[in-house]
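These are the residues of each chain, in order.
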Amino acid sequence: MSQDAAAIATAVLPWQQAALQELQRLERAARLPQTMVLQAARGTGLEYFAQALTGWLLCQQRTDTPCGQCSGCRQWRAGNHPDALRILPEGAAQEITVDQVRAVTELLSLSRHHQGYRVVQLYPAERLNRNAANALLKTLEEPGEGTVFLLLSEQPRNLLPTIRSRAQVITVPRPSEAQAREWLMTQGISDADSRLAIYPGQPLRALEDEDREIATEFEAELQQLEAAPSELTNVARRIASTRDDATRFLEWLATHAWSDAASHLEAGPSVGTTCAVETYQLTLQARGALRANTPPQLAVEALLVSWLALRAQSRKRPNGDMHGGSR
Ligand SMILES: [Zn+2]
């Protein structure tokens, strides 16, 4: 998990508040599920939720928010609570292995250090390999008194059915557009809208500033393509190896073309404006093709062919400095 998320271990994100309160209500009614799949869309703060829930469960007071004073809170905040376990994928395969699972079940056979809960997080739970999952099934069914398993997943479709069927599935809500924007602004992000255009509904990813890296990567690809149009197929394969990748590229190009069109317009209509607007239209066509189930690479290839033609045309005209894609 990121340092930031760890540091804010007791804070829940605004759009997660109600879901956390519901679990607190269940706990007070002695009906808290002991094995939960916590699922959330990527970039919406799943780890924050899991950490906030864990922090609350480890507090010995368990008022509405962790008290911050008890030994449970102090050890949790210091990152060394003996009853808080977190299992992450290991090795080249980046899997949660049977050895890791055995180590945990052995620990669980020992008595707890505190009177409160013992919380085991597995993240991401879909990385449990089959052997590890099999070794864990019995424990998930009967975790033992005071033990809570949190199986975190941003790709719940990839969870093994045997795991899912033994857990209560909790869907952590995603933010509304307004909540996402507002939260980013409280994080000191002034261009929240343009970042959310690249990562719609994913404020945590928008915050990570990945968009800048991605912009650089896409710009480099387009520059390379212009220098060597014969590379078209390879470029499209790199940009659009999956549907998500293709969508991200199209969102980036659309946002980029749109802001180019706006800046050209300020200087009066020009070839640049036309080219930016036409580039934007190409992204709309490609999105339509994706929705109609055209394979992502083909949709992006078709766009790039038209984009290259636009660029070539504009170079022939005077005032041909056109920023439809790369700068
Ligand atoms: Zn406390």
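Residues numbered from 1 in each chain as written. Predicted model: local features only at pLDDT ≥ 70, side-chain atom pairs only at ≥ 80, totals over all residues.

1. Structural notes on the overall build of the chain
Inference 1: A count of helical and extended segments in the chain gives 15 helices and 5 strands.
Inference 2: Principal axes of the C-alpha set define a box for the chain whose edges measure 80 × 40 × 30 Å.
Inference 3: Per-residue burial over the chain gives 35% buried out of 327 residues.
Inference 4: Contacts spanning at least 24 positions in sequence make up 71% of the contacts within the chain whose residues lie at least 6 apart. (Helix = DSSP H or I, 4+ residues; strand = E, 2+ residues; numbered from the N terminus. Buried ≥ 20, exposed ≤ 12 C-beta atoms within 10 Å, placed from the backbone. Contact = placed C-beta atoms within 7 Å.)

2. Here's the deal with the sheet that holds strand 2 (residues 84-87)
Inference 1: What the 5 strands build is an open sheet, ordered 2-3-4-1-5; its pairing is parallel. Two strands in the sheet have a free side with no partner beyond their single neighbour: strand 2 and strand 5 (168-171). Taking each pair of neighbouring strands and ignoring which way they run, the sheet shows an average axis angle of 20 degrees.
Inference 2: Note that strand 2 and strand 3 (residues 118-122) share 4 bridges and pair parallel. Residue pairing across strands places Ala84 opposite Val119, the latter belonging to strand 3. (Pairing = 2+ DSSP bridges. Axes fitted to C-alpha atoms, helices over the stretch in contact; angles between N-to-C directions.)

3. Some points on the environment of Gly55
Inference 1: Among the structural elements, Gly55 can be located in helix 3 (residues 46-58).
Inference 2: C-alpha of Gly55 to C-alpha of Thr65: the two residues are 10 residues apart in sequence and 8.9 Å apart in space.

4. Here's the deal with the domain arrangement of the chain
Inference 1: Here the domain parsing of the chain yields domain 1 (3-174) and domain 2 (209-316).
Inference 2: Between the C-alpha centres of domain 1 and domain 2 the distance comes to 42 Å. (Domains from an automatic or database assignment.)

5. Here we look at unusual backbone geometry
Inference 1: In the segment running from Tyr123 into Pro124, the intervening peptide bond is cis, with an omega of -10 degrees.
Inference 2: Summarising the element assignment, Pro124 is placed in the loop between strand 3 and helix 6 (130-141).
Inference 3: In this structure, Arg62 is a non-glycine residue whose phi angle is positive, near 50 degrees.
Inference 4: Within the fold, Arg62 resides in the loop between helix 3 and helix 4 (71-78).
Inference 5: Assessed through the 18 C-beta atoms surrounding it within 10 Å, Arg62 is described here as partly exposed.
Inference 6: The phi dihedral of Asn293 is positive, around 70 degrees, even though this residue is not glycine.
Inference 7: Given 9 C-beta atoms within 10 Å, Asn293 falls into the exposed group.

6. Topic: the nonpolar core
Inference 1: Grouped together as the largest cluster of nonpolar side chains are 72 residues, with contacts concentrated most on Leu38, Phe49, Leu151 and Val300.
Inference 2: No other element matches helix 3, which puts 9 residues into this core.
Inference 3: Each of domain 1 (3-174) and domain 2 (209-316) gives at least three residues to this core. (Core = buried A, V, L, I, M, F, W, Y, C linked by C-beta atoms within 7 Å.)

7. Structural notes on helix 15 (residues 296-316)
Since there are 3.6 residues in each turn of an α-helix, residues three or four apart along the chain are aligned in direction.
Inference 1: Here helix 15 spans 31 Å end to end across 21 residues, near enough to the 30 Å set by a 1.5 Å rise per residue.
Inference 2: When we look at burial in helix 15, the residues that qualify are Pro296, Ala299, Val300, Leu303, Leu304, Trp307, Arg311 and Ser314. Buried residues of helix 15, viewed axially, fall in a sector of 125 degrees; they line one side. Exposed side of helix 15, more than 90 degrees from the buried face: Ala309, Ala312 and Lys316 are the residues found there. (Expected span 1.5 Å × (residues − 1). Arc of directions from axis to C-beta.)

8. Considering the packing of helix 14 (residues 271-291) against helix 15
Inference 1: Where helix 14 meets helix 15, the axes come as close as 9 Å, and the angle between the chain directions of the two elements is 165 degrees. Viewed along their axes, helix 14 and helix 15 adopt a mutual orientation that is roughly antiparallel. The crossing of helix 14 and helix 15 is right-handed. Seen from helix 14, the contacting residues are Val271, Cys275, Glu278, Thr279, Leu282, Thr283, Ala286, Ala289 and Leu290; seen from helix 15, they are Pro296, Ala299, Val300, Ala302, Leu303, Ser306, Trp307, Leu310 and Ser314.
Inference 2: Partitioned by chemical class, the residues of the contact of helix 14 with helix 15 number 13 nonpolar, 4 polar and 1 charged. (Parallel < 35°, antiparallel > 145°, perpendicular 65-115°, else oblique. Left-handed = near helix turned anticlockwise from the far one by under 90°. Nonpolar A, V, L, I, M, F, W, Y, C, P; charged D, E, K, R; others polar.)

9. A look at the packing of helix 5 (residues 98-109) against helix 6
Inference 1: As a packed pair, helix 5 and helix 6 sit with axes 8 Å apart at the nearest point and diverge in direction by 20 degrees. Taken together, helix 5 and helix 6 sit at an angle that is classed as roughly parallel. The crossing of helix 5 and helix 6 is left-handed. Counted together, Val98, Gln100, Val101, Arg102, Thr105 and Leu108 of helix 5 and Asn131, Ala132, Ala135, Leu136 and Thr139 of helix 6 form the full contact between these two elements.

10. Here's the deal with helix 5
Inference 1: For helix 5, spanning 12 residues, the distance from its first C-alpha to its last is 17 Å, which sits close to the expected 16 Å at 1.5 Å a residue.
Inference 2: If you check which residues of helix 5 are buried, you get Gln100, Val101 and Val104. Across the axial projection of helix 5, the buried residues extend over an arc of 100 degrees, all falling on one side. In helix 5, the exposed positions angled more than 90 degrees off the buried face are occupied by Glu106 and Ser109.
Inference 3: Along its buried surface, helix 5 packs onto strand 2, strand 3 and helix 6.

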